[in-house]
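An overview of the molecular structure
Residue-level listing of the chains:
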Amino acid sequence: FPMRRVLPSLSSLRAFEAAARHQSFTRAAAELNLTQTAIRHQIKNLEDLLQVALFTRERSAVRLTDVGHEYLESVRDVINQITAATDRVIDKHRGNVLTVACLTAFAVKCLIPHLGDFRRRHPDIVLRIGTVVSFDLLQHHDYDVAIRYGSGSWRGFATHKIAPEEVFPVCSPRLLKSGMKLKIPSDLHQHTVIRTSSFALRDEWPQWLELAGVSDLEFADEIACDLLFPSIQAAVDGLGVVMGRTAVVATDIANGTLIEPFDIRMPTNSGYHVTSPIERADMPMVTTFRNWVLERFQPALSAAFVQRSRQANP
């Protein structure tokens, strides 16, 4: 006889995930709009089904057991996927929801600060913005339009490059007030550099150092971040020198939050593109959003590419 598969209820899984995340039945109940008694009942049903304890109860909090931790890692992605799939079906039925996927740095530094303009122009379009670490992981996701980084050669996608791009070191102006020189590339040996170990971006420091004629240079220290956005923020906070990208640092350079200590920029064949799966590229909402992105960002970022607005060291 085939083995009977026992599946927990989605209600129990949601209660479990919320309680584990908050480490509190009370806060989980508030999030799910249930009573604390209902949360406890759902957790007990799940523990009875699994025949294990998922939580240890303390006076002011609950803690996952080792088995609870293991189970959470197994079911969290499934819960998120079911929730996302449900939202997509509801959104498609509504017909006015546009799902936008965007790399985190571009979303925070470029897209989100300008979305007010899009909302004023198109108040009838409901936006869902999802930030992603790498578009290689998007095969399990559904989106209408994306702002993506790379060469632009993606089979099955309609792609429009937003602007040409260069990479170049940038830092906070207060870093230069510390007394250490940063006038020529070899001065970097006195400084901490911030590197990005991202799925989506390669580390361009070696190529830039070679272009600057100091390929054998060793930095005083290094900080590594897993995404571009925290790398840029670390530079803004004066922690070191980061490899900037035209699109992501243009606003910070314009307002003086970051400065460009050298007049050496490295052109790159990669850049930010607005893309859509071919079957969705001609959807009216997609066309509207794509045209807005190109109108909003192409002139400014192309000007930043050409201008090379270098600020001199104090």
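Residues numbered from 1 in each chain as written. Predicted model: local features only at pLDDT ≥ 70, side-chain atom pairs only at ≥ 80, totals over all residues. Heavy atoms only, no water.

Let's talk about the sheet that holds strand β4 (residues 126–132)
For clarity, the threshold we go by: A pair of strands is treated as paired once DSSP finds two or more bridges between them. A run of H or I in DSSP becomes a helix once it reaches four residues, and a run of E becomes a strand once it reaches two; helices and strands are each numbered from the N terminus. Think of each axis as a best-fit line through the C-alpha atoms, taken over the contacting stretch in the case of a helix, with angles from 0 to 180 degrees between the N-to-C directions. The contact rule is simple, with two residues in contact once any of their heavy atoms fall within 4.5 Å.
Ordered by their spatial adjacency, five strands build an open sheet running β4-β3-β5-β12-β6, and the pairing between neighbours is mixed. Strands at the two margins of the open sheet, each flanked by one partner only, are β4 and β6 (157–161). On average, adjacent strands in this sheet sit at an angle of 25° to one another, irrespective of strand direction. Here strand β3 (residues 97–103) pairs with strand β5 (residues 145–150) via three bridges, running parallel. Paired with C102 across the strands is I147, a residue of β5. Most of the contacts of helix α5 (residues 104–121) go to β3, to which it runs at about 150°, and overall it touches β3, β4, β5 and β12 (271–277).

Section: the nonpolar core
Test applied: Throughout, nonpolar core names a set of buried Ala, Val, Leu, Ile, Met, Phe, Trp, Tyr and Cys residues whose side chains join them through atoms within 4.5 Å. Relative accessible area decides the class of each residue, using a 1.4 Å probe on protein chains only: under 20% of the type maximum gives buried, over 50% gives exposed, and in between gives partly exposed.
Among the nonpolar cores identified, the biggest contains 43 residues, and L98, F106, L111, I162, Y272 and F289 are the most heavily contacted of them. The residues touching L98, leaving out its near neighbours within four places in the chain, are I125, V126, L127, R128, D144, V145, M285, V286 and F289. Residues I39, L54, L64 and Y71 belong to the second largest nonpolar core, which totals 21 residues.

Things to note about unusual backbone geometry
Residues other than glycine seldom take positive phi values, yet Q23 does so here, at roughly 55°. Even without being glycine, Q51 reaches a positive phi, approximately 60°. When you line up the elements, Q51 lands in the loop between α3 (36–50) and β1 (55–57).

Points about the packing of helix α2 (residues 25–32) against α3
To be explicit about the condition: Note that the term roughly parallel is reserved for angles under 35 degrees, roughly antiparallel for angles over 145, roughly perpendicular for angles of 65 to 115, and oblique for everything else. Note on residue categories: nonpolar means Ala, Val, Leu, Ile, Met, Phe, Trp, Tyr, Cys or Pro, charged means Asp, Glu, Lys or Arg, and polar means any other residue, Gly included.
Two numbers describe how α2 lies on α3: the axes approach to 8 Å, and their chain directions differ by 105°. Judged by the inter-axis angle, α2 sits roughly perpendicular to α3. Contacts between α2 and α3 involve F25, T26, A28, A29 and L32 from the former and Q36, I39, R40 and I43 from the latter. Looking at the contact of α2 with α3, its residues break down into six nonpolar, two polar and one charged.

Some details on the sheet that holds strand β8 (residues 192–196)
Adjacent strands of a sheet form backbone hydrogen bonds with each other and so pair up, either parallel or antiparallel. Spatial ordering of the open sheet is given by β9-β8-β10-β7-β11, a layout of five strands whose pairing is mixed. Pairing within the sheet leaves two strands with one partner each, and these edge strands are β9 (221–225) and β11 (266–268). Ignoring which end each strand starts from, the neighbouring axes of this sheet average 30° apart. Direction of pairing for strand β7 (residues 165–170) relative to β11: antiparallel, over a ladder of three bridges. Opposite E165, over in β11, you have T268 as the bridge partner. Packing of helix α7 (residues 228–236) onto the sheet brings it into contact with β7, β8, β9 and β10 (241–245), and relative to β8 it is tilted by some 165°. Contacting β7 and β10, helix α8 (residues 246–254) crosses the sheet at an angle of about 50° to β7.

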